[in-house]
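Below, each chain spelled out in residue letters.
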Amino acid sequence: MGDVDYIDSIEATVGCHLSMIGHARAEYPCECCGILIGRRNEGRVLVDRVVAADNITVGDPVTSYQVDWKTLFSTRRELRGGAGSIV
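Report follows, based on the coordinates. Keep in mind the model is a prediction, meaning the values are calculated, not measured.

## Quick word on the overall build of the chain
Step number 1: Broken down by element type, the chain carries 2 helices and 4 strands.
Step number 2: For the chain, the N- to C-terminal ordering of α and β elements is β-α-β-β-α-β.
Step number 3: Within the span of the chain, comprising 87 residues, buried residues form 20% of the whole.
Step number 4: By sequence separation, contacts in the chain at least 24 residues apart represent 54% of the contacts at least 6 residues apart.
Step number 5: Element-wise, carbon and sulfur atoms account for 53% of the exposed surface of the chain, whose accessible area totals about 6300 Å².
Step number 6: Averaging the locations of the 9 positively and 12 negatively charged side chains of the chain gives two centres separated by 7 Å.

## Looking at the environment of glutamate 31
Step number 1: Structurally, the position occupied by glutamate 31 is in the loop between α1 (14-27) and β2 (33-41).
Step number 2: Of the residues examined, glutamate 31 reaches a relative accessible area of 31% and is grouped as partly exposed.
Step number 3: As for glutamate 31 and glutamine 66, which are separated by 35 residues in sequence, their C-alpha atoms are 9.1 Å apart.

## Description of the pattern of salt bridges
Step number 1: Inspection of the entire model under this criterion finds 3 salt bridges.
Step number 2: Of the charged contacts, one joins arginine 44 and glutamate 11 as a salt bridge, the two residues approaching to 2.7 Å between their closest N and O atoms. A residue pair is termed long-range when its members are at least 10 positions apart, and arginine 44 in strand β3 (residues 44-53) and glutamate 11 in strand β1 (residues 9-12) qualify at 33 residues.
Step number 3: Close ionic contact of arginine 39 with aspartate 48 constitutes a salt bridge, the shortest N to O distance being 3.1 Å.
Step number 4: Under the relative-accessibility criterion, arginine 39 is labelled partly exposed at 43%.

## Considerations on the sheet that holds β2
Step number 1: Pairing in this open sheet of 4 strands is mixed, and the strands run β1-β3-β2-β4 from one edge to the other. Every interior strand has two partners, whereas the edge strands, β1 and β4 (85-86), have only one.
Step number 2: Two elements, β2 and β4, share 2 bridges in a ladder whose sense is antiparallel. Residue pairing in the sheet places glycine 38 in a bridge with serine 85 of β4.
Step number 3: The sheet strands contacting α1 are β1, β2 and β3, and the helix crosses β3 at an angle near 40°.
Step number 4: Against the sheet, helix α2 (residues 69-79) touches β2, β3 and β4, its axis set at about 130° to β3.

Calculation rules
Sequence order as written defines the numbering, with residues in each chain counted from 1. Where totals are concerned, whole chains, interfaces and linings use all residues; where local detail is concerned, this predicted model gives features only for residues with pLDDT of at least 70, and gives and counts side-chain atom pairs only at 80 or more. Processing note: side-chain calculations cover all non-hydrogen atoms of the structure and skip hydrogens and water entirely. Numbering of helices and strands starts at the N terminus; helices are DSSP runs of H or I of at least 4 residues and strands are runs of E of at least 2. Exposure classes here rest on a 1.4 Å probe applied to the protein chains alone. A residue is buried below 20% of its type maximum, exposed above 50%, and partly exposed in between. Contacts between residues were defined by any pair of non-hydrogen atoms, one from each residue, lying within 4.5 Å. All accessible-area figures derive from a Shrake-Rupley calculation using a 1.4 Å probe, and residue coverage is judged against the displayed protein chains alone. For this count, His and the chain ends are skipped, Lys and Arg are scored as positive, and Asp and Glu as negative. To locate a charge, take atom NZ for lysine, CZ for arginine, CG for aspartate or CD for glutamate. What makes a salt bridge here is a side-chain nitrogen of Lys or Arg within 4 Å of a carboxyl oxygen of Asp or Glu, nothing more. Pairing between two strands requires that DSSP report at least two bridges joining them. As a rule, the C-alpha atoms of each element are fitted with a line to give its axis, helices using only the stretch in contact, and angles between N-to-C directions run from 0 to 180 degrees.

Function cannot be inferred from these measures alone, as they are strictly geometric.
Below, the structure written as structure tokens:
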């Protein structure tokens, strides 16, 4: 199977869960985008932070999405050398 990293479960804090729901509701009917930050532990992903991002798709935002690259790059820069990572 090569370099594929399988995930058995994803867990998020209640705050992260509520943040994702709120962002999805605010963007409805369009697709919403975001970045999940946390850590991996033996097939489990533990999410402890959510970064909302704009959907910058060139297509129909109701049926397609693309995470705003500026948000993605700034989040990656912020996480350099830190405890969390984009999961």
